[in-house]
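Residues per chain are reported as follows:
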Amino acid sequence: MNNRNLKHFLEKKLNKSFSDFLVFEEGIDVSVQINFEKASMEFIKKNSEARPPDTLSALLNSEDASFETKQNVLIELSMSGDVKSYRIIEQYKEVCPEELKAWTILAFQKSRAHIEHELSNDDKIYISSGLGGSGNKLRYFFVLSTKEKALFSDFQKDLLKKELEFALTKNESIAEKITFYDYFVSIICLVPLQISPDSIIKSVLSETEKFGNFLSDEIIATNTQIFTEEKIVKLINHDFDKENELNIGAGKELSADFFDLDSGFFDDFDEDDDFDDDDFDEEDFDDDDLLF
């Protein structure tokens, strides 16, 4: 089996082995995550004297405090590492306005990571992605299509569904939703970090080849968002005029929006070039920081 899995990739880039990886369940838009981390780094650089949790709680729940003020308060609470601050964020998460929901969830995740790190002697890395996950599993969205956009037959649908479920189960993965359209199928699934997702898809294609070789080698895959049917059609048709709308090739936040199985899914994460060293500077990220 292909051993170029995400766990191995992260340990290699960080030059450190970790006893455990934890994926946060909530899926948060990657751009929001990046802005949150940038704000966190700015807070660290300012090195301001920490304000008491009660003061921060009053600001957070004040109707007069601005949106930006509340964002900064959530950052400060998330960085404190004490249980009282964690509880303040936890309570606010239940009542916060929709426009602050994602930011509050990220603050809650970060605060939780700090506390768990303090309570444990084990090195642990926390991962937050656009689609979230569970335990040591990341959620992925895949699309497989037929060659020449031929319509699926009932036999092909039944065969493909069985092969997908079998391949996922064999690799300790979970099929959450499989949806068939005229000439493509979408799959939402949970895949362990130590399993290379392309090995699962390759095994499915290998098995279906025995029954007519009806699937295209071009696969859509991401762990940042679930595409609409319209976007899937544009991708399958290589409608690159819509590249900006679809974010094809716009950064590689641990995802690949479109790839060819001839090259392999994790070939998109070149071991030398895909991430600059300063993406994971030790001075910027501790073991309990979120990675994107």
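A short tour of the structure in this document, coming up. Counting restarts for each chain, with residues numbered from 1 along the sequence as it is written. At least 70 in pLDDT is required for a residue's local features to be given in this predicted model, at least 80 for side-chain atom pairs to be given and counted, and no such filter applies to totals for whole chains, interfaces and linings, which use all residues. Derived side-chain values reflect all non-hydrogen atoms in the structure, with water molecules and hydrogen atoms excluded from consideration.

**Regarding the overall build of the protein**
- In terms of helices and strands, the protein carries 10 helices and 9 strands.
- Here the protein holds 292 residues, and the buried ones make up 47% of them.
- By definition, residues are in contact when any of their heavy atoms lie within 4.5 Å. In the protein, 72% of the contacts between residues at least 6 apart in sequence involve partners at least 24 apart.
- Shrake-Rupley sampling with a 1.4 Å probe provides the accessible areas, and residues are treated as covered by the protein chains on show and by no other component. Here the protein displays about 14,800 Å² of accessible surface, and carbon together with sulfur accounts for 44% of that area. By the criteria applied, helices consist of DSSP H or I runs no shorter than four residues and strands consist of E runs no shorter than two, each listed in order from the N terminus. In this scheme, a residue with accessible area under 20% of its type's maximum is buried, one over 50% is exposed, and one in between is partly exposed, where area comes from a 1.4 Å probe on protein chains only.

**Here we look at the packing of aromatic side chains**
- The criterion for an aromatic pair is that two Phe, Tyr or Trp rings (for Trp, the six-membered ring) have centres within 6.5 Å, with stacked assigned to planes under 30 degrees apart, edge-to-face to planes over 60 apart and tilted to the rest. Applying the stated criterion across every chain yields a total of 9 aromatic pairs.
- For the pair Tyr-140 and Phe-142, a centre-to-centre distance of 5.7 Å together with 20° between the ring planes defines the contact as stacked.
- One aromatic cluster is present, formed by Phe-152, Phe-180 and Phe-214 through successive ring pairs.
- Between Lys-93 and the ring centre of Phe-108, over which it is positioned, the NZ or CZ distance is 4.7 Å. Whether a charge lies above a ring is judged from NZ of Lys or CZ of Arg, which has to be within 6 Å of the ring centre and within 35 degrees of the ring normal.

**Structural notes on helix H4 (residues 67-80)**
- Given the number of residues in a helix, its expected span is that number minus one, multiplied by 1.5 Å. Between its terminal C-alpha atoms H4 stretches 20 Å, which fits the 20 Å expected from 14 residues at 1.5 Å a residue.
- Close packing links the buried residues of H4 with helix H2 (30-46), helix H3 (53-60), helix H5 (83-93) and helix H6 (101-119).
- Downstream of H4 by a residue or two, Gly-81 has a phi angle that is positive, lying close to 80°.

**Concerning the side chain of Ser-129**
- In this structure, Ser-129 sits in the loop between strand E2 (124-127) and strand E3 (133-134).
- Once residues lying within four places of it in the same chain are set aside, the contact partners of Ser-129 are Glu-26, Gly-27, Ile-28, Gln-33, Leu-138 and Asn-223.

**With respect to unusual backbone geometry**
- Unlike most non-glycine residues, Lys-149 shows phi in positive territory, near 55°.
- Secondary-structure assignment places Lys-149 in the loop between strand E4 (137-145) and helix H7 (154-170).

**With respect to the packing of H4 against H6**
- Note on geometry: axes are C-alpha line fits, over the in-contact stretch for helices, and angles between N-to-C directions span 0 to 180 degrees. Interaxial distance between H4 and H6 falls to 8 Å at its minimum, and their mutual angle equals 15°. With respect to H6, the element H4 is oriented roughly parallel. The two elements H4 and H6 meet at a crossing, and its hand is right-handed. The residues of H6 that touch H4, namely those facing Gln-71, Leu-74, Ile-75, Leu-77, Ser-78 and Met-79, are Trp-103, Thr-104, Ala-107, Lys-110, Ser-111 and His-114. The cut-offs work like this: below 35 degrees is roughly parallel, past 145 is roughly antiparallel, 65 to 115 is roughly perpendicular, and the gaps in between are oblique. A clockwise turn of the near helix away from the far one marks a right-handed crossing, whereas an anticlockwise turn of less than a right angle marks a left-handed crossing.

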